[in-house]
Amino acid sequence: MSDQISKLFTQHQLQGLRKIGDIMLPAGNGFPSFSECGCIAAVDTAMSSAHKDDIRDFGYLLLACHYAPTPIVKLIINMADNAERFPSFIAPLMRKLNIGIKGIVISLYYSGKQGFSNSANPLNVIDFNLTCNTSDL
Amino acid sequence: MNKIHDFIIIGSGASGSVIAHELTRAGADVLMLEAGQRFSAATFPDNELDANANLMWNGGMDASADASTLFIRGKVVGGGTIINQCLLDRFDDDALDSWQTQSGINFFNSKTMAKHYDAVESNLTLHSMEQKDWNKNAELYVQGFENKGFEWAPLRRGQSNCGEGNDCMQCLGGCPRRSKQSMLETFLPKAEQAGLTIQSEFLAREVIHGPSFVAVSGYQGSKATTFYSRKVILASGALGTTELLLRSQLQDKLPALGKGFHCHPQWMTVALFNDVIDSHKGAFQTVKSSDARFRKAGFKLENVFAGPIAIGLLKPGYGFDHQRFMSQYRNMSCIEVAVRDEDPGTMILDNRDRLVINKPLSDADRQRANNGNALVQDMFQDLGAKEVMTSPLQIGLHLMGGCAIGNNPNHSVVNANFQVHDHPNLYIADSSIFPNAPGINPSLSVMALSHRASQSILADCGINQAQASLQEQATS
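The text that follows walks through the structure, step by step, so that each part is easy to find. (Residues numbered from 1 in each chain as written. Chains lettered and ligands numbered in written order. Predicted model: local features only at pLDDT ≥ 70, side-chain atom pairs only at ≥ 80, totals over all residues. Heavy atoms only, no water.)

## Section: the overall build of chain B
Turning to step 1, where the next piece is worked out: Counting its secondary structure elements, chain B contains 14 helices and 23 strands.
Turning to step 2, where the next piece is worked out: Here the C-alpha radius of gyration of chain B, 22 Å, is about what a compact globule of 476 residues would show, namely 23 Å.
Turning to step 3, where the next piece is worked out: Counting every position in chain B, which comprises 476 residues, the buried fraction comes to 62%.
Turning to step 4, where the next piece is worked out: Excluding contacts between residues fewer than 6 apart, the proportion of contacts in chain B whose partners are at least 24 apart in sequence is 74%.
Turning to step 5, where the next piece is worked out: Counting 41 positive and 49 negative side-chain charges, chain B places the averaged centre of each group 2 Å from the other. (Helix = DSSP H or I, 4+ residues; strand = E, 2+ residues; numbered from the N terminus. Rg over C-alpha atoms; globule rule 2.2 N^0.38 Å. Buried < 20%, exposed > 50% of the residue type's maximum accessible area, 1.4 Å probe, protein only. Contact = heavy atoms within 4.5 Å. Lys, Arg positive; Asp, Glu negative; His and termini not counted. Charge placed at Lys NZ, Arg CZ, Asp CG, Glu CD.)

Below, the structure written as structure tokens:
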């Protein structure tokens, strides 16, 4: 039996993702941190429709973030989130970085998927639910 | 020996499904190829992440070359009609006149198009939303409009039975009630009953045009496969159809291929209120802007909202401030500005054979967006919002152009009969043929154009409508 979370990313790459996620979504105000909420278990689902080159490139980024000191990772995230402040020749790269990082972290966190985690579910924290009843059909 | 079908249709969205219906009812042998999976009302994902991953190309994260705009397009049997809101408006004279002027095509007028709209609408259940359908988000929208003296109107949506107390935002991941009038509930079942074969999860990579038949090569999983037919109809939308023709190396023969791309770029403004709004509950969209001043100014205001993942992506920043914002999800109201973009973009393949979409925003289009966004911010301030956030992220939901229709082969890709210039066995009638941005939701017009295209195709094959009707009666 395997407890493997991802077939796309290595353990070190997943640790890089946890590091990024916890910077972007820390614990507080009733919210669990990114790594506490267990959503990383759905990382392969989140990446399933991505192009193989993008998955590879994202893996390199995660690995770099795993080995980089936390302040450097914070700086990368901050630069990506402020792409418009950069000159036009570098801004697209920063925007792509932001779409990649934020796209995965936010998608996982607010997916409501939790793996084996017993922490609060972010969707419950924001009191989100949708009803579509089909029993009358 | 390989089977040669009468027709292959690549793509199962609004265009492909209508054409499949018309061709199969005429008795033709039609194979439909679709890159996405087949879901049903019982199997649609019930989670935003699963819906993004399973129903959209690249999880809904296709970006422009400068990464300023995200393009959302369906990758599922039923195409974009599975993930859209099924808002079905006809084009007005302004849009059709503009198309006629640009393309030189005479049938772009209200009188001629009316019979095609009538024909496709006869296959759909349409509902004009009423005041009893409004949720609090719609109430605020109307109040905001009336405070400013702007005109609004009820939306017309394709839906049959949404029941009581249901949240139609769920429909953005496929309608579990079979109410939304997607192709899966309307044209496709009829076409399948008449003999249509659908091959899902087939990724078409190339079309090779010959004088008597066309070959379509691609992959079923990892297995390379080729299908053959006498004629092929490309119906994969602005990005899919253009990409396939570029991969087929037709750009030298078709100088307009990949040009004229439009997307009605959209900006969402989210306002936080002290009261609970619950914009995600009930009927999702019920009212629209109908003020002629907006049409003239080149934008419209849409009363929309989004799931937690999408709202989380729209909000700039991260950390505690981002979580503080998200914790007020139920207190959010939202209005979106959709711009009728004048300046077209382009699509090419890069040296890694990937589609590159260049869609920079011109100064004029930026000014339209700024005007609309300023208006929305002002409306929300008047309504007593405690915080208003306009997302810097641009979204392209209506993807149009790349294979424009027109009489001049130097400036268009298909002719008035929907045939690719100098490729008599290739047809296109999806949104890639739009000559410019109409500023109106395109889905119904894609269906109407496809209805007209199917008549042209059948006529090219020597089958007229009367014969088709007789064939249909004989089949039934």
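Read on for the rest.
## Examining the interface of chain A and chain B
Turning to step 1, where the next piece is worked out: Tallying the contact residues gives 48 residues for chain A and 43 residues for chain B.
Turning to step 2, where the next piece is worked out: For the pairing of chain A and chain B, the buried interface totals around 3,800 Å² over both sides, and the portion due to carbon and sulfur atoms is 59%.
Turning to step 3, where the next piece is worked out: Scanning the region where chain A abuts chain B turns up 5 salt bridges.
Turning to step 4, where the next piece is worked out: Across the pair D54 of chain A and R354 of chain B runs a salt bridge whose closest N-O atoms are separated by 2.8 Å.
Turning to step 5, where the next piece is worked out: Connecting chain A to chain B are 18 residue pairs in polar contact (both at pLDDT 80 or more).
Turning to step 6, where the next piece is worked out: Taken together, the elements giving at least two residues each to the side of chain A that touches chain B come down to α1 (11-24), α2 (43-47), α3 (52-67), α4 (70-81) and α5 (91-109) of chain A.
Turning to step 7, where the next piece is worked out: Here the residues of the side of chain A that touches chain B sort into 23 nonpolar, 14 polar and 11 charged. (Buried area = accessible area lost by both parts, 1.4 Å probe. Salt bridge = Lys/Arg side-chain N within 4 Å of Asp/Glu carboxyl O. Polar contact = N/O pair within 3.5 Å; in protein donor to acceptor, adjacent residues only side chain to side chain. Nonpolar A, V, L, I, M, F, W, Y, C, P; charged D, E, K, R; others polar.)

## Quick look at the sheet that holds strand β18 (residues 355-358) of chain B
Residues and elements named next belong to chain B.
Turning to step 1, where the next piece is worked out: Spatially, β18-β17-β12-β21 is the arrangement adopted by the 4 strands of the open sheet, whose pairing is antiparallel. The sheet terminates laterally at β18 and β21 (400-402), the two strands that pair on one side only. On average, each strand axis in the sheet is inclined to that of its neighbour by 35°, with strand direction left out of account. (Pairing = 2+ DSSP bridges. Axes fitted to C-alpha atoms, helices over the stretch in contact; angles between N-to-C directions.)

## Brief notes about the pairing of strand β11 (residues 223-234) of chain B
Residues and elements named next belong to chain B.
Turning to step 1, where the next piece is worked out: Across 6 bridges, the pairing between strand β1 (residues 4-10) and β11 is parallel. Each residue of the ladder has a partner; that of I10, found in β11, is L234.
Turning to step 2, where the next piece is worked out: Where strand β10 (residues 214-220) and β11 come together, 7 bridges link them in antiparallel fashion. If you follow V216 over to β11, its bridge partner there is F227.
Turning to step 3, where the next piece is worked out: Taking the residues between adjacent antiparallel strands as the criterion, β10 and β11 are bridged by 2 residues, where G221 takes a positive phi near 65°.
Turning to step 4, where the next piece is worked out: The pairing of β11 with strand β23 (residues 423-428) spans 3 bridges and is classified as parallel.

## What about the packing of α1 of chain A against α4 of chain A?
Residue and element names in this part refer to chain A.
Turning to step 1, where the next piece is worked out: Where α1 contacts α4, the two axes come as close as 10 Å, and the packing angle between them is 65°. When the axis of α1 is compared with that of α4, the two are roughly perpendicular. Both α1 and α4 take part in a crossing whose hand is right-handed. From α1, K19, I20, I23 and M24 reach across to α4, where they touch T70, V73, K74 and I77.
Turning to step 2, where the next piece is worked out: The residue inventory of the contact of α1 with α4, partitioned by class, reads 5 nonpolar, 1 polar and 2 charged. (Parallel < 35°, antiparallel > 145°, perpendicular 65-115°, else oblique. Left-handed = near helix turned anticlockwise from the far one by under 90°.)

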